[in-house]
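# Structural overview for review
So the chains spell out like this:
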2 protein chains.
Amino acid sequence: MAILYADDPADAAAWAVAIRALAPGVELRFWPDSGPADEVDFAIVGGKAPGDLRGFANLRAIQSTWAGVNHLLADSNLPFDRPLARMVDQGLTVSMTEFIVLHVLDSARQGPRLRAAQRARQWLDLDPVAPGTIVVAVLGLGTLGADAATRLVALGFSVRGWSRSRKEIAGIESFAGSDGFKACLSGAHILVCLLPLTDDTRGILGAAAFAPLARGAVLIQAARGAHLVEADLLAALQSGQLSRAVLDVFAPEPLPVDHVFWRHPQVTVTPHVAAITRPGTGAADIVENYRRALAGETLINQVDRAKGY
Amino acid sequence: MAILYADDPADAAAWAVAIRALAPGVELRFWPDSGPADEVDFAIVGGKAPGDLRGFANLRAIQSTWAGVNHLLADSNLPFDRPLARMVDQGLTVSMTEFIVLHVLDSARQGPRLRAAQRARQWLDLDPVAPGTIVVAVLGLGTLGADAATRLVALGFSVRGWSRSRKEIAGIESFAGSDGFKACLSGAHILVCLLPLTDDTRGILGAAAFAPLARGAVLIQAARGAHLVEADLLAALQSGQLSRAVLDVFAPEPLPVDHVFWRHPQVTVTPHVAAITRPGTGAADIVENYRRALAGETLINQVDRAKGY
């Protein structure tokens, strides 16, 4: 019985420390040193399987260290008939909510305009806008979206949310389905994307999403690069339908050095830093899911392959 | 019986609308058209009395529309023997807390470094720091400081506070007095100033405040310009004891166009936009204080002239 760590080698030591602190007796192996194949009963993966993991006959389950697993569902090196768990650890949620709150506030408080004014040594006469008059639409109301939305409500923003099924979250106007999509976006000043990437959501950040927003709206995109139709974003920025975009995720990453986003005056590029899983907080889910996998129980954040998340 | 509005003429119409909505019968006059002097029993002032207000024999009280009143306590155009009220309206508190949260998050999430990386088209490999490991010291735990500190606790930061007398605020380590000052600052990563400006606090943001902080700490100053010893700030930025300062207030304002802060790479200048009183939310205090003044009751946020706030 052994856990095979097949995630980023740079993070192996940190995960090993965190897992052993919670489960000192567990045997950890590190790809490609997997030992006898029939002893591996649990695997940890991240961005991409480093090789063929289909040969482990006794593999009970696969644990991703990432919240988004669309890439793993399409990874031919992984067996498709074993339970797969996403990781939505507390540290990741806190980090994502911080990122969203930071950029919503920066937009609401006209950060880019103030930074430009400083460069021009110009003392702007600018009144703060009351947050209650600013409508934020959050696409995706899973663990991440619900936490960010709730925090924005607490800061006084008018918050709407859209998800596959209607959610009941205090203070948030909830929408679902394709009818609800346009209603959620209608007149919104800030659009936050925290959706999983699925066949249904690929390219969802396009002209049809931007058109219903208030003119001059801001896009904050921290989900997956493939949600965004880049040409539609550039057109919306050009026309003034959007005034700004904050993009943390791209297809591909790193964003190529010659990409227009880097130098676009209305685009803020951050290098996929909104949220990452931290071993210190994430190891608890791994240890518990290992126990559940051996016991044949449903995993924490087990992926529904039909839904895609 | 009449209220004399002697604040900024540009805001007169908005205040009149907001006050009349709550108290339709009240007589409002607008400086310099004060009408018969003995009919004026209440005055509204802001940044500076526009002329001599000592001749109104029946003036019962003076209402400031500002949260900070140090300038009014020293204004020889105002009678010193009438009750004076500060205004700490809900809109102002919300606005200030937004500003503080925004700049604490921007510092914690390395906003300036990320913006520089974008200009250089550089994809940084940057892990978010857990907010619990970041110590924020808030100077001043009045309405504004307490609200900001509470919100920072909710976001997971380790928050300390310092004030004239020790305060009990959930989740915040509270300090008071000159011994407590250094203890509060010791090892803090972010220093937030929301103090009133008094003889005791003038120049408090100087070398003695910066020295106990963690090396490379960030100053966020949203109180009054005269709290800051500019030369000490520049020396601390130069030495690396401070890595950055976010300054919203200056002495004088507007910040002169040739001032070194405008172009300093480690200084963020904002044009006193952190918090302003909004007539829509502030008028309720004015109407209630007018009633109290006529009834001889203590005003909401009545200033203690000995304390200076």
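Residues numbered from 1 in each chain as written. Chains lettered and ligands numbered in written order. Predicted model: local features only at pLDDT ≥ 70, side-chain atom pairs only at ≥ 80, totals over all residues. Heavy atoms only, no water.

### Quick look at the sheet that holds strand β1 (residues 2-6) of chain A
All names here are of chain A. Rule in force here: Two strands pair if DSSP finds at least two bridges between them. A run of H or I in DSSP becomes a helix once it reaches four residues, and a run of E becomes a strand once it reaches two; helices and strands are each numbered from the N terminus. Whether two residues are in contact is decided by their heavy atoms: any pair within 4.5 Å suffices. Geometry is summarised by axes, namely lines fitted to C-alpha atoms with helices restricted to the contacting stretch, and by angles between N-to-C directions that run from 0 to 180 degrees.
Taken in spatial order, the 5 strands line up as β2-β1-β3-β4-β5 in an open sheet, and their pairing is parallel. Two strands close off the open sheet at either side, each with one partner strand: β2 (28-30) and β5 (84-85). Alignment of β1 against β2, held across 3 bridges, turns out to be parallel. Each residue of the ladder has a partner; that of I3, found in β2, is L28. Each of β1, β2 and β3 (40-45) is contacted by helix α1 (residues 12-22), which is oriented at about 175° to β2, the strand it contacts most. Strand contacts of helix α10 (residues 279-295): β1, β3, β4 (61-64) and β5, with the helix running at about 145° to β3, the strand carrying the most contacts.

### Section: the sheet that holds strand β3 (residues 40-45) of chain B
Residue and element names in this part refer to chain B. What the 5 strands build is an open sheet, ordered β2-β1-β3-β4-β5; its pairing is parallel. A single partner strand is all that each edge strand has here, and the edge strands are β2 (28-30) and β5 (84-85). Contacts from helix α1 (residues 12-22) reach β1 (2-6), β2 and β3 within the one sheet, and its direction differs from that of β2 by about 175°. Helix α10 (residues 279-295) contacts β1, β3, β4 (61-64) and β5 of the sheet and is inclined by roughly 145° relative to β3.

### Describing the packing of helix α3 (residues 90-108) of chain A against helix α3 (residues 90-108) of chain B
Put simply, the rule is: Orientation categories follow fixed angle ranges, with anything under 35 degrees roughly parallel, anything over 145 roughly antiparallel, 65 to 115 roughly perpendicular, and all other angles oblique. The sense of a crossing depends on the near helix, which, turned anticlockwise from the far helix by less than a right angle, makes the crossing left-handed and, turned clockwise, makes it right-handed. Three classes are used, and their members are as follows: Ala, Val, Leu, Ile, Met, Phe, Trp, Tyr, Cys and Pro are nonpolar, Asp, Glu, Lys and Arg are charged, and the others, Gly among them, are polar.
Following both chains from N to C, one finds α3 of chain A and α3 of chain B inclined at 125°, their axes separated by 9 Å at the closest point. Taken together, the axes of α3 of chain A and α3 of chain B lie oblique to each other. Crossing hand, α3 of chain A versus α3 of chain B: left-handed. Residue-level inspection shows E98, V101, L102, L105 and D106 of chain A of α3 of chain A in contact with α3 of chain B, the latter providing E98, V101, L102, L105 and D106 of chain B. Taken together, the residues of the contact of α3 of chain A with α3 of chain B sort by class into 6 nonpolar, no polar and 4 charged.

### Focus: the pairing of β1 of chain A
Successive residues of a regular strand alternate their side chains across the two faces of the sheet. All names here are of chain A. To be explicit about the condition: Exposed residues in this analysis have more than 50% of their type's maximum accessible area, buried residues have under 20%, and partly exposed residues fall in between, with area computed by a 1.4 Å probe over protein chains only. With the strands pointing away from the viewer, any crossover whose connection runs clockwise from the first strand over the helix to the second is right-handed.
Counted residue by residue, β1 has 5 buried out of 5 residues, so it is predominantly covered. Both faces of β1 are covered, namely the face carrying A2, L4 and A6 and the face carrying I3 and Y5. Sheet analysis places β1 next to β3, joined by 5 bridges and oriented parallel. Across the sheet, residue A6 finds its bridge partner in β3, namely V45. The handedness of the β1 to β2 crossover, carried by α1, is right-handed.

### Quick word on the relation of the copies chain A and chain B
This is how the line gets drawn: The copies were overlaid by least squares, fitting only the C-alpha atoms of residues that reach a pLDDT of 70 or more in each copy.
Expressed as a screw transformation, the operator carrying chain A onto chain B has a rotation angle of 180° and an axial translation of 0.0 Å, and the superposed copies differ by an RMSD of 0.0 Å. Expressed as an axis order, the relation between the two copies is that of a two-fold axis. Residues of chain A ranked by C-alpha distance from the rotation axis are headed by L102 of chain A, positioned 2.7 Å from it. Interface residue correspondence from chain A to chain B reaches 100%, placing this contact among same-surface, isologous pairings.

### Digging into the nonpolar core
If you look at soluble globular proteins, the nonpolar side chains tend to sit buried side by side. Put simply, the rule reads: Here, the term nonpolar core denotes a set of buried Ala, Val, Leu, Ile, Met, Phe, Trp, Tyr and Cys residues that are joined through side-chain atoms within 4.5 Å.
Formed by 68 residues in total, the largest nonpolar core has its most connected members in I100 and F157 of chain A together with I100 and F157 of chain B. Sequence-distant contacts of I100 of chain A, that is, excluding residues within four places in its chain, are made with A148, L152, V192, L194, I220 and A222 of chain A.

### Section: the interface of chain A and chain B
What counts, and what does not: Summed over both partners, the accessible area lost on bringing two parts together, with a 1.4 Å probe, is the buried area. Counted as salt bridges are all cases of a side-chain nitrogen of Lys or Arg within 4 Å of a carboxyl oxygen of Asp or Glu. Polar contacts, as counted here, are pairs of nitrogen or oxygen atoms within 3.5 Å of one another; within protein the pair requires one atom able to donate a hydrogen and one able to accept it, and residues that are adjacent in sequence qualify only if both atoms are side-chain atoms.
Counting from both sides, the interface comprises 48 residues of chain A and, opposite them, 49 residues of chain B. Note on chain A versus chain B: buried area summed over both sides is about 4,200 Å², and carbon and sulfur give 62% of it. Run the count over chain A and chain B and you get 2 salt bridges. E98 of chain A serves as the salt-bridge partner of R109 of chain B, at 3.1 Å between the closest nitrogen and oxygen. At the surface where chain A touches chain B, the tally comes to 18 residue pairs in polar contact (both at pLDDT 80 or more). Elements with a contribution of two residues or more to the side of chain A that touches chain B: α3, α4 (111-119), α5 (143-154), α9 (260-263) and β12 (267-269) of chain A.

### Some thoughts on the packing of aromatic side chains
Rules: When two rings of Phe, Tyr or Trp (its six-membered ring) have centres within 6.5 Å they constitute a pair, described as stacked for plane angles under 30 degrees, edge-to-face for angles over 60, and tilted for the intermediate range.
Inspection of the entire model under this criterion finds 10 aromatic pairs over all chains. Look at W123 of chain A and F250 of chain B: their rings are 5.7 Å apart centre to centre, the planes differ by 70°, and that puts the pair in the edge-to-face class. Linking W123 of chain A in the loop between α4 and β6 (135-139) with F250 of chain B in the loop between β11 (242-247) and α9 (260-263), this pair reaches from one chain into another. When its relative accessible area of 23% is taken as the criterion, W123 of chain A is described as partly exposed. In textbook terms, an aromatic cluster arises when at least three aromatic residues are bridged by ring pairs, as seen for W123 of chain A together with F250 and F261 of chain B.

### Some thoughts on helix α6 (residues 177-185) of chain B
Residues and elements named next belong to chain B. Going by this rule: By definition, the arc is the one covered by directions from the helix axis to the C-beta atoms.
For α6, the set of buried residues is G180, F181, C184 and L185. Taken around the axis of α6, the buried residues stretch over an arc of 125°, which confines them to a single face. Residues of α6 that are exposed and angled more than 90 degrees away from the buried face: D179 and K182. Contact partners of the buried residues in α6: β6 (135-139), β7 (158-163), β8 (172-176), β9 (190-193) and α7 (207-210). Where α6 ends, the next residue or the one after it, G187, has phi of about 75°, a positive value.

### A word on the domain arrangement of chain A
All names here are of chain A. Threshold: Where a domain begins and ends is set by an automatic assignment or by a domain database.
Segmenting chain A into domains produces domain 1 (2-89 + 277-295) and domain 2 (90-269). On a C-alpha basis, the centres of domain 1 and domain 2 stand 32 Å from each other. Between domain 1 and domain 2, the residue contacts involve 9 residues of the former and 9 residues of the latter. The junction of domain 1 with domain 2 conceals about 770 Å² of combined surface from both sides, 51% of it contributed by carbon and sulfur atoms. If you sort the residues of domain 1 by the area they bury against domain 2, N70, V88 and D89 come out on top, with a joint share of 56%. There are 0 salt bridges connecting domain 1 and domain 2. Grouping the amino acids of the side of domain 1 that touches domain 2 by side-chain chemistry returns 3 nonpolar, 4 polar and 2 charged.

### Some points on a negative patch on the surface
How we decide: For patch detection, residues must exceed 30% relative accessible area and be free of salt bridges, and they are connected within 9 Å for like charges or within 5 Å for nonpolar side chains (Val, Leu, Ile, Met, Phe, Trp, Tyr). Calculation of accessible area relied on Shrake-Rupley with a 1.4 Å probe; when residues are assessed, cover is drawn exclusively from the protein chains displayed. Note on charges: Lys and Arg go in the positive column, Asp and Glu in the negative column, and His and the chain ends are not counted at all. In plain terms, the charge of a residue is placed at NZ if it is Lys, CZ if Arg, CG if Asp and CD if Glu.
Negative charge collects at one region of the surface, where D8 and D11 of chain A together with D125 and D127 of chain B lie side by side. Structurally, D127 of chain B can be placed in the loop between α4 (111-119) and β6.

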